[in-house]
Structure formats: C-alpha cells, structure tokens
Amino acid sequence: MTAYLLEHAWVDGRVRDTVRVEVEHGRITSVEADADRTGIPLRGLTLPGFANTHSHAFHRALRGRTQTDRGTFWTWREQMYAVAGRLDPDSYYELARATYAEMVAAGYTAVGEFHYLHHQPDGTPYDDPNAMGNALLAAARDAGIRITLLDTLYLSSGLRDGRNSAPEGVQRRFSDGTAEAWQERVAALAPLTGADSLVGVAAHSVRAVPAQALKAFVPYVDAAVPVHVHLSEQVRENADCVAAHGVTPTRLLAEHGFLGPMTSAVHATHLTDEDVRLLGAARACVSFCPTTERDLGDGIGPARALQAAGAVLTLGSDSHAVIDAFEEMRAVEMDERLASQERGHWTAAELLRAGTADGHRSLGFADAGAIAVGQRADLVTIDLASPRTAGTGRDEHTAVFAAGPADVTHVVVDGRVVFEGDHASVGRSLAAALDPLWFRGSRA
C-alpha cells in the first residue's frame with residue numbers, strides 16, 4: 001500500500017485540503033480529507049488524470065512547420081501526408097514514445113490514438129500486419145500512459161462526383177482494401193492489449209469510408225466498444241456528403257447504426273440543428289480539439305448546444321499544435337465567448353469533468369477520472385506558486401483558467417509514478433525523435 005498526502009485535491013466536485021489517498025494494486029482504496037495521518041507529500045493542487053480523446057501521434061512532427069505559410073486545412077493535409085510517408089515501425093515508435101511522454105508531462109494519463117498509418121508506403125502490409133499499431137502500443141507502455149488504440153478504417157481518398165474514389169499516394173498505406181480485411185487485422189490486435197491498453201475502432205470519416213462499409217461498425221456500437229469518427233470538420237465535407245448521399249454526415253451515420261453512447265464524434269464543428277439533436281439523442285460523445293481546430297482554421301463547434309441536447313463533451317489535442325490539457329479546457333469557454341460575445345458558458349468544474357472522467361469513459365476506461373475509492377490511481381499535481389498560478393487561488397478555476405503544462409510537478413498513472421517534474425528531459429527525447437525526420441535547418 002502507498003499513501004499520498006495531497007496538500008489540496010479536487011474531490012467530489014470541489015477542492016478539499018490535506019487529503020490522504022491510499023493506493024493498492026493501482027486502485028484508490030481510501031480517500032480522507034482533513035487527514036491527520038502521514039503520506040508521501042504532494043504540494044500544490046492534485047487533480048484526476050486527464051484523458052486525451054483524440055491523438056495522431058505522428059502529427060507532432062508538424063509543429064512549428066505547417067504554421068509558416070498561408071493556406072487551408074487541405075494544404076495542411078498535403079504537408080501531413082509528407083510526414084506520413086516517411087515513417088516505419090521503428091521511427092514511429094520513437095516519435096510516438098516521445099509524444100506520449102510530452103502528454104504525460106502535461107498531465108494526461110490516457111490517450112485515444114486515432115490510428116490509420118497501417119502499412120508500408122506502397123500499401124503492402126508489413127510481415128506483421130499490425131507492426132505500426134504494435135509500435136504505438138509499445139510507445140504508450142514505455143511512456144507510462146494508458147492507450148486506447150482506435151484502429152481506423154480508411155478505404156477512400158474522398159467523395160468526388162457523388163462517389164468514393166480510391167486511395168491515392170500515401171493514402172494507400174492507410175487502407176486495408178475492404179472492411180472485412182480491416183476487421184480481420186483488428187481482431188489480431190486484441191491479444192496484445194492489457195490493463196493499460198485497449199483496442200477501439202474508428203471510421204476515418206464519411207469521405208474515407210463508403211456508406212455501405214459503415215455497417216461494419218454496428219457490432220462494435222452494440223458491444224459498447226469505443227467507436228470514433230471525424231465528423232463535419234470541414235464545410236466541404238458536408239457539401240460533398242449531401243451531394244453524394246442527400247444527407248449530412250451525421251444523418252448518414254445515424255441511418256447506418258453508427259451512433260451510440262460509446263461513439264465519439266471528433267470535431268463536430270459544422271452541424272445542423274438536426275445533427276445536434278441526433279448526437280444528443282444517441283448520448284454520443286463529442287471530442288472537441290480546440291487548439292487544432294483554431295490552428296487549422298476549422299471553425300468553432302457548438303459545444304454548449306451539443307451538451308444541452310444530451311451529448312457528452314470530451315477533449316483531445318489531435319494534431320498536437322500544442323499538448324496542453326489546460327488550454328484545451330479553457331479554449332472551449334473562450335471560443336464560445338468569441339462566437340457569442342458573452343462570457344460564462346462553461347463552469348470550470350464542467351470543463352474539468354470533460355477533460356477527466358467523461359474523456360476516460362469515452363476511451364473505455366470508465367474506472368478513471370476521479371479521486372475516489374475504486375478508481376484507477378491517476379493523480380496530477382500542479383504547482384500553485386508558478387508565474388501562471390501564483391495568487392490565483394487553489395481551486396478548479398486555477399487549473400482551468402490559469403495553469404499550463406509547465407506547472408505539472410508530479411504524475412501518477414495506475415498507481416505508478418511516471419513523471420516528477422523533469423520537463424527538460426521530455427524536450428530532449430522529442431528532439432532525438434524528431435531531428436532524424438527532417439534535414440537539419442530545413443522547413444517543411
């Protein structure tokens with residue numbers, strides 16, 4: 001048994017003082033506020049671990065490079081494809097391990113990896129068809145973060161002239177050819193997972209998955225497996241879907257049985273009122289990624305309207321333009337302010353729940369995201385005397401509206417200490433993984 005004495009901790013929706021937490025076999029067995037017994041001291045404010053519900057690990061290589069020129073989501077995508085074409089299982093492991101270590105140092109204790117970089121550059125499977133997925137599972141394990149590997153179906157380069165066209169160029173390495181071949185490969189991943197890893201599934205988008213292939217996801221939806229999909233990130237995606245199918249992407253998913261409580265609609269930016277109602281009625285999750293959505297110029301999604309309709313907000317860092325759980329939380333509120341010219345749409349407690357308990361549940365870890373008996377022992381401690389947090393108080397408002405990754409001093413995942421404040425070593429690991437991907441001095 002290990003006991004921690006938390007100076008301040010967010011417990012049951014509010015901050016309590018001098019909280020003693022006992023941990024056995026990775027689980028919290030006792031939580032006592034105003035404790036008079038000792039434990040390993042954690043000074044500052046301790047929160048449940050954050051869940052990153054949408055990640056593309058290899059996009060981390062693009063930070064600081066795709067921001068150099070003008071353009072749109074579609075021009076950014078070409079730069080992203082260039083990186084996708086360079087990676088093999090070994091380099092992908094190194095990049096993902098360093099990226100996941102950055103997440104841990106930012107307070108994330110679980111990640112949903114939206115994985116579609118499956119095969120060799122020409123589309124030929126590796127000798128181990130899941131070599132790239134195995135690299136991600138190993139990278140997460142070595143970085144100390146739980147992972148839900150969201151193995152992604154990708155069969156088409158897009159909707160053109162009312163039909164899905166074949167994959168082109170680097171997209172060939174994303175595709176298994178058929179939904180049946182994809183399902184067979186995904187089934188082979190299951191024995192490779194454990195207490196710190198799960199396998200979920202994803203449809204890349206209605207652009208990349210023909211309508212008839214969406215039925216492949218019904219068994220997963222019915223079994224409450226995490227099922228994710230990029231949804232209505234771009235206006236063009238909606239227009240192409242209406243032209244091809246006569247309905248919006250959300251309606252198309254609903255008609256094919258894709259929506260359910262363990263379905264996560266990623267971005268959900270450009271929705272009709274009916275789309276909002278459909279997602280709410282399904283009690284689906286919506287994974288907003290505000291720092292990526294603003295970096296790519298995607299737009300501001302209707303977070304509050306979705307929540308009011310019954311959908312569940314979660315948060316991801318997607319392209320890793322930054323890896324900052326605190327910024328993702330406060331950006332939801334700040335973006336609503338910009339769109340409405342009013343303040344106070346989301347409370348700090350609501351945003352913390354989106355970043356913790358609801359996010360973990362959407363990844364299949366319903367037993368994480370709270371400092372409570374029986375929950376996984378995920379603890380993130382932030383400094384309350386940094387230049388960002390000093391004088392701001394010591395409650396959830398400090399965490400959501402003031403703190404940043406540099407304030408994280410201690411991270412415990414499943415009862416194991418995985419980070420103790422050495423942010424500099426994380427930077428060195430990232431440099432070692434990223435430098436080989438680029439010619440020194442070049443800019444993509």
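Basis of the calculations
- Residues numbered from 1 in each chain as written.
- Predicted model: local features only at pLDDT ≥ 70, side-chain atom pairs only at ≥ 80, totals over all residues.
- Heavy atoms only, no water.
- Helix = DSSP H or I, 4+ residues; strand = E, 2+ residues; numbered from the N terminus.
- Rg over C-alpha atoms; globule rule 2.2 N^0.38 Å.
- Buried < 20%, exposed > 50% of the residue type's maximum accessible area, 1.4 Å probe, protein only.
- Contact = heavy atoms within 4.5 Å.
- Areas by Shrake-Rupley, 256 points an atom, 1.4 Å probe, with all protein chains shown as cover.
- Lys, Arg positive; Asp, Glu negative; His and termini not counted.
- Charge placed at Lys NZ, Arg CZ, Asp CG, Glu CD.
- Polar contact = N/O pair within 3.5 Å; in protein donor to acceptor, adjacent residues only side chain to side chain.
- Pairing = 2+ DSSP bridges.
- Right-handed = clockwise from strand over helix to strand, strands pointing away.
- Phe/Tyr/Trp six-rings, centres within 6.5 Å; stacked < 30°, edge-to-face > 60°.
- Lys NZ or Arg CZ within 6 Å of the ring centre and 35° of its normal.
- Salt bridge = Lys/Arg side-chain N within 4 Å of Asp/Glu carboxyl O.
- Axes fitted to C-alpha atoms, helices over the stretch in contact; angles between N-to-C directions.

Structural notes on the overall build of the protein
Then, in step 1: The helix and strand tally for the protein stands at 15 helices and 17 strands.
Then, in step 2: Taking 22 Å as the expected radius of gyration for a compact globule of 444 residues, we find that the protein reaches 21 Å, a close match to that expectation.
Then, in step 3: Across its three principal directions, the C-alpha atoms of the protein cover 70 × 45 × 45 Å.
Then, in step 4: Counting only residues that meet the buried cut, the protein has 58% of its 444 residues in that class.
Then, in step 5: When contacts within the protein are restricted to residue pairs at least 6 apart in sequence, long-range pairs at least 24 apart make up 73% of them.
Then, in step 6: Working note: accessible area of the protein is about 16,700 Å², and carbon and sulfur atoms make up 50% of it.
Then, in step 7: Side chains of the protein carry 40 positive and 57 negative charges; the gap between the two charge centres is 2 Å.

Quick look at the side chain of Thr398
Then, in step 1: Among the structural elements, Thr398 can be located in helix H14 (residues 396-401).
Then, in step 2: Judged by relative accessible area, which is 1%, Thr398 ranks as buried.
Then, in step 3: Beyond its immediate chain neighbours, meaning those up to four positions away, Thr398 contacts Leu384, Thr389, Thr392, Gly393 and Ala403.

Looking at the side chain of Ser362
Then, in step 1: As for its position among the elements, Ser362 is in helix H13 (residues 357-362).
Then, in step 2: A distance of 2.8 Å separates a polar atom in the side chain of Ser362 from the backbone oxygen of Gly359.
Then, in step 3: Beyond its immediate chain neighbours, meaning those up to four positions away, Ser362 contacts Thr53, Pro226, His228, Met262, Ser264, Cys285 and Thr314.

Here's the deal with unusual backbone geometry
Then, in step 1: Phi at His267 is positive, roughly 85°, even though this residue is not glycine.
Then, in step 2: By relative accessible area, His267 is classed as buried at 1%.
Then, in step 3: With a phi angle near 50°, Asp318 is a residue other than glycine that sits in the positive phi range.
Then, in step 4: With respect to the element layout, Asp318 can be found in the loop between strand E14 (312-315) and helix H11 (325-340).

A few points about the pairing of strand E7 (residues 146-153)
Then, in step 1: With eight of eight residues buried, E7 is to be regarded as a mostly interior element.
Then, in step 2: Here E7 shows no split at all, with Arg146, Thr148, Leu150 and Thr152 on one side and Ile147, Leu149, Asp151 and Leu153 on the other all buried.
Then, in step 3: As judged from the six bridges shared by strand E6 (residues 108-115) and E7, these two strands associate in the parallel manner. Opposite Phe114, over in E7, you have Leu150 as the bridge partner.
Then, in step 4: Traced from E6 through helix H3 (residues 131-143) to E7, the parallel crossover comes out right-handed.
Then, in step 5: With seven bridges joining them, E7 and strand E10 (residues 197-203) adopt parallel strand pairing. Across the sheet, residue Asp151 finds its bridge partner in E10, namely Val201.

Describing the packing of aromatic side chains
Then, in step 1: One pass over the structure, following the stated rule, counts 11 aromatic pairs.
Then, in step 2: Judged by centre distance (5.1 Å) and plane angle (40°), the rings of Trp182 and Phe217 are tilted. Taken together, the residues Trp182 in helix H4 (residues 179-187) and Phe217 in the loop between E10 and helix H5 (218-222) connect sequence positions 35 residues apart. In this structure, Trp182 and Phe217 share a single accessibility class: buried.
Then, in step 3: One cation-aromatic arrangement involves Arg146 over Phe365; the distance from NZ or CZ to the ring centre is 4.9 Å.

So, the pairing of strand E17 (residues 416-419)
Regular strands show a simple pattern: their side chains alternate between the two faces of the sheet.
Then, in step 1: Sheet analysis places strand E16 (residues 408-413) next to E17, joined by three bridges and oriented antiparallel. Paired with Val413 across the bridge in E17 is Arg416.
Then, in step 2: Connecting E16 to the next strand, E17, in antiparallel fashion are two residues, including Asp414 with a positive phi near 50°.

Quick look at the pattern of salt bridges
Then, in step 1: Inspection of every chain in the model, using the stated rule, returns 24 salt bridges.
Then, in step 2: Arg60 is the partner of Glu102 in a salt bridge, and the nearest nitrogen-oxygen pair spans 2.9 Å. One end of the pair, Glu102, is in helix H2 (residues 89-105); the other, Arg60, is in the loop between strand E5 (50-55) and helix H1 (73-84), with 42 residues separating them in the sequence.
Then, in step 3: A residue is classified by how much of its surface remains accessible, and Arg60, at 9% relative accessible area, is buried.
Then, in step 4: Note that Glu102 and Arg63 form a salt bridge whose closest N and O atoms lie 3.2 Å from each other. With a gap of 39 residues between them, Glu102 in helix H2 and Arg63 in the loop between E5 and H1 connect regions that are remote in the sequence.
Then, in step 5: Note on Arg63: relative accessible area 27%, which makes it partly exposed.

A short note on the environment of His267
Then, in step 1: Within the secondary structure, His267 is located in strand E12 (residues 263-267).
Then, in step 2: Polar side-chain contacts of His267 include one of 3.3 Å to the side chain of Asp318.

Quick word on the sheet that holds strand E13 (residues 285-288)
Then, in step 1: Spatially, E5-E6-E7-E10-E11-E12-E13-E14 is the arrangement adopted by the eight strands of the open sheet, whose pairing is parallel. The outermost strands of the open sheet, each flanked by one partner alone, are E5 and E14. With direction set aside, neighbouring strand axes in the sheet form an average angle of 25°.
Then, in step 2: As defined by bridge partners, E12 adjoins E13 across three bridges and the pair is classed as parallel. Directly across from Ser264, in E13, lies its bridge partner Cys285.
Then, in step 3: Sitting on the sheet, H4 is in contact with E7 and E10, with an inclination near 160° to E7.

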